[in-house]
Amino acid sequence: MSIVLVVNSGSSSLKYQLVDVAAGAALATGLVERIGHDDGRATHAVRGPAAGAGGAGEGEVREDLAVRDHDAAFDWMLRAFAEHGPSLEDHAPVAVGHRVVQGGARFFEPTVITELVKINIDELSVLAPLHNPANLAGIVSAERAFPGVPHVAVFDTAFHQTMPPAAYTYAIDREVAERHRVRRYGFHGTSHRYVSRAAAGFLGRPVEELKLIVLHLGNGASACAVDGGRSVETSMGMTPLEGLVMGTRSGDVDPAVLLHLQRRAGLDVDGVDDLLNKRSGILGLGGHGDMRDLVGAAEAGDARAELALDVYAHRIRSYVGAYAAQLGRVDAIVFTAGVGENAAEVRRRSLAGLEGFGIELDDARNAERRGGARRISSDDSRTDVLVVPTNEELEIARQTLEVVAG
Ligand SMILES: Nc1ncnc2c1ncn2[C@@H]1O[C@H](COP(=O)(O)OP(=O)(O)O)[C@@H](O)[C@H]1O
Ligand SMILES: CC(=O)OP(=O)(O)O
Ligand SMILES: [Mg+2]
């Protein structure tokens, strides 16, 4: 049997997928949002043949309700499976795979969750206060809901453990950095790993031979230089705040900006944290945290939205240049995640002006809207530019199954 339940537990949300790994497809997907608030919302969608003959959308249910905590969210999920299918008796998961954001320098691989592993995940919360406590809450609730099967943690940081010291070391006092484990860890590794292999498959070449720049542009966003299938550099650092401009996160700023704001703007530590993580990025700049809305506003002539798009693309272009220099050669630039897969305008702006480096988009291919992996560069482009859909849940399910199958 190859069915795995994948859990991505955030501070106020629970995303889940029941995945048939052998078929490479989800049987059901769901999302419980605004956990802990009065105005929660939950959706459960039955996918594939299990959705019945009625076609797409047939199997979708949506409910507005208050969800107290993660335990209650799992209760809702179990009820949704019981009432709307697929039946968890007929499609019993052999394991539960959990997305865990911060694995520190401790976890290199997907890991069967034991009491000690949970203590470690909890202890790593100091390096990911926004993510690890929520991941752990999801694990504890899922263990209660699925007591009979192994639970496996798949870490966002694991793929980046191959970065060389020169890439992960910050130039600050060594002793302070070591004592407090201040270094770059990198995130979105599950996606970067999946997408780099899928890109190699599309190109029909072994990933070991390829030098790739992967641009994961979702709500969170990061770039990764992948050399021979291994991460050698990535734009997120000790936390998922560094690097590219994101939906609500600033990405790179001069660290002295934080000091200045605390000294002069009356912000305390939590105020700066909130500003940079939740009120910055394209939301802070252009008034929209959702890229669809930002592109729409820019098209309608909104100057703030226009600037936000330019800053977003400018930062990506800088990273493409930096990673080309680190790799020494680039076989392909790969766009993925919600923005990367869908926003042709963002892709166009990000790579504009790079023709002199042999990077040239084909406008018609870039504008085309279809699923699956595809090439969007011109036939003359020395570097291939691809769109490759990510699938973090399938990758987590695969890795989980590998671990439990031994
Ligand atoms: N057609 C589209 N055009 C532009 N942006 C899009 C489109 N579809 C989705 N997006 C953007 O993708 C982002 C969400 O990406 P996603 O990978 O789903 O995020 P998450 O990090 O939450 O998994 C949002 O900013 C959304 O606006
Ligand atoms: C680590 C991270 O930034 O994740 P997400 O993009 O899901 O917010
Ligand atoms: Mg995502």
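Definitions and limits used
Residues numbered from 1 in each chain as written. Chains lettered and ligands numbered in written order. Predicted model: local features only at pLDDT ≥ 70, side-chain atom pairs only at ≥ 80, totals over all residues. Heavy atoms only, no water. UniProt positions renumbered as here; feature names shortened; annotations may be inferred. Near = heavy atom within 4 Å. Polar contact = N/O pair within 3.5 Å; in protein donor to acceptor, adjacent residues only side chain to side chain. Areas by Shrake-Rupley, 256 points an atom, 1.4 Å probe, with all protein chains shown as cover. 1 Å grid on protein atoms, 1.4 Å probe; cavity = no way out; pocket = protein on both sides within 12 Å on 5 of 7 lines; lining within 4 Å. Points joined across faces, edges and corners; volume = space filled by probe spheres on them. Helix = DSSP H or I, 4+ residues; strand = E, 2+ residues; numbered from the N terminus. Nonpolar A, V, L, I, M, F, W, Y, C, P; charged D, E, K, R; others polar. Domains from an automatic or database assignment. Buried area = accessible area lost by both parts, 1.4 Å probe. Buried < 20%, exposed > 50% of the residue type's maximum accessible area, 1.4 Å probe, protein only. Arc of directions from axis to C-beta. Contact = heavy atoms within 4.5 Å. Phe/Tyr/Trp six-rings, centres within 6.5 Å; stacked < 30°, edge-to-face > 60°. Salt bridge = Lys/Arg side-chain N within 4 Å of Asp/Glu carboxyl O.

As annotated in an unreviewed UniProt entry, the protein is Acetate kinase from Agromyces aurantiacus. Check the Pathway (unreviewed entry) section of the UniProt entry for the protein; it says "Metabolic intermediate biosynthesis; acetyl-CoA biosynthesis; acetyl-CoA from acetate: step 1/2." Looking at the Sequence similarities (unreviewed entry) heading of the UniProt record, one finds this comment for the protein: "Belongs to the acetokinase family."

(A) Fine view of the site of ligand 2. Around ligand 2 sit Arg 99, Asp 156, Phe 187, His 188, Gly 220, Met 236, Pro 240 and Arg 249, and those are all the residues in its vicinity. Contacts to ligand 2 include His 188, whose side-chain N or O atom sits 2.7 Å from an oxygen atom. Between Arg 249 and ligand 2, the recorded distance is 2.6 Å, taken from a side-chain N or O atom to an oxygen atom. Contact with the protein chains covers 82% of the free accessible surface of ligand 2, which is 260 Å².

(B) A look at the layout of surface pockets. The volume enclosed by the second largest pocket comes to roughly 400 Å³. Put simply, the parts of the chain that give the lining of the second largest pocket at least two residues each are strand S8 (151-155), helix H6 (189-203) and helix H15 (392-405). If one sorts the elements of the lining of the second largest pocket by residue count, H6 sits on top with 6 residues. Each residue belonging to the lining of the second largest pocket can be placed in one class, and the counts come to 9 nonpolar, 5 polar and 6 charged.

(C) Seen up close, the domain arrangement of the protein. Along its sequence, the protein is organised into domain 1 (3-155) and domain 2 (206-392). A straight line from the C-alpha centre of domain 1 to that of domain 2 covers 28 Å. For the pair domain 1 and domain 2, the summed buried area comes to about 470 Å², and 57% of that belongs to carbon and sulfur atoms. Taken together, the connections running from domain 1 to domain 2 amount to 1 residue pair in polar contact (both at pLDDT 80 or more).

(D) Here's a closer look at helix H2 (residues 115-123). Buried within H2 are the following residues: Val 117, Lys 118, Asn 120 and Ile 121. For H2, the angular spread of buried residues about the axis comes to 160 degrees, placing them on one side. Exposed residues pointing more than 90 degrees away from the buried face of H2 are listed as Glu 115, Leu 116 and Ile 119. In this structure, the buried residues of H2 make contact with strand S6 (95-100), strand S7 (111-112), helix H3 (132-145) and S8.

(E) Here's a closer look at the UniProt feature "site: Transition state stabilizer" (unreviewed entry) in the protein. In the numbering used here, UniProt assigns the "site: Transition state stabilizer" (unreviewed entry) feature to His 188 and Arg 249. Setting aside residues up to four positions removed in sequence, His 188 forms contacts with Arg 99, Asp 156, His 160, His 216, Gly 220, Ala 221, Ser 222 and Met 236. Within the secondary structure, Arg 249 is located in the loop between strand S11 (230-234) and helix H7 (255-264). The class of Arg 249 is buried, set by a relative accessible area of 17%. In contact with Arg 249, other than residues within four places in its own chain, are Gly 220, Met 236, Pro 240, Leu 241, Leu 276, Asn 277, Ser 280 and Gly 281. A distance of 2.9 Å separates the side chain of Arg 249 from the backbone oxygen of Pro 240, its partner in a polar contact.

(F) Structural view of the packing of aromatic side chains. Taken as a whole and judged by the stated rule, the model has 3 aromatic pairs. Judged by centre distance (5.6 Å) and plane angle (80 degrees), the ring pair of Tyr 319 and Tyr 323 falls under edge-to-face. Here Tyr 323 and Tyr 319 lie together in helix H11 (residues 303-327), a separation of 4 residues that amounts to about one turn. Residue Tyr 319 is classed as buried on the basis of its relative accessible area of 14%. Relative accessible area serves as the criterion here: at 3%, Tyr 323 is assigned to the buried category.

(G) Geometry of the site of ligand 1. The full set close to ligand 1 counts 13 residues, and Asn 219, Asp 290, Met 291, Arg 292 and Gly 338 are the nearest of them. Between Met 291 and ligand 1, the recorded distance is 3.0 Å, taken from a backbone N or O atom to an oxygen atom. Here ligand 1, which alone exposes 580 Å², has 73% of that area covered by the protein. Of all the secondary structure elements, the ones that give two or more residues to the shell around ligand 1 are helix H10 (291-299) and helix H12 (337-342). If you tally residues by element for the shell around ligand 1, the top one is H12, at 4 residues.

(H) Geometry of unusual backbone geometry. For the bond from Gly 85 to Pro 86, the omega torsion is -10 degrees, close enough to zero to count as cis. Tracing the backbone shows Pro 86 in the loop between helix H1 (70-84) and S6. Residue Arg 34 is not a glycine yet carries a positive backbone phi of 55 degrees. Position of Arg 34 among the secondary structure elements: in the loop between strand S3 (25-33) and strand S4 (41-46). Backbone geometry places Arg 181, a non-glycine residue, at a positive phi of 55 degrees. Locating Arg 181 in the fold gives a position in the loop between helix H5 (174-179) and H6. The exposure class assigned to Arg 181 is partly exposed, which follows from its relative accessible area of 26%.

(I) View of the pattern of salt bridges. For the structure on display, the rule yields 29 salt bridges. The residue Arg 41 makes a salt bridge to Glu 33 at a minimum N-O spacing of 3.1 Å. Look at Arg 41 and you get partly exposed, because its relative accessible area is 33%. Ionic pairing is found between Glu 345 and Arg 348, a salt bridge with its closest N-O pair at 2.8 Å. Within this pair, Glu 345 and its partner Arg 348 are both found in helix H13 (residues 344-351), separated by 3 residues, close to a single helical turn. A single network of salt bridges, built from pairs that share partners, joins Glu 306, Asp 310, Glu 345, Arg 348 and Arg 349.

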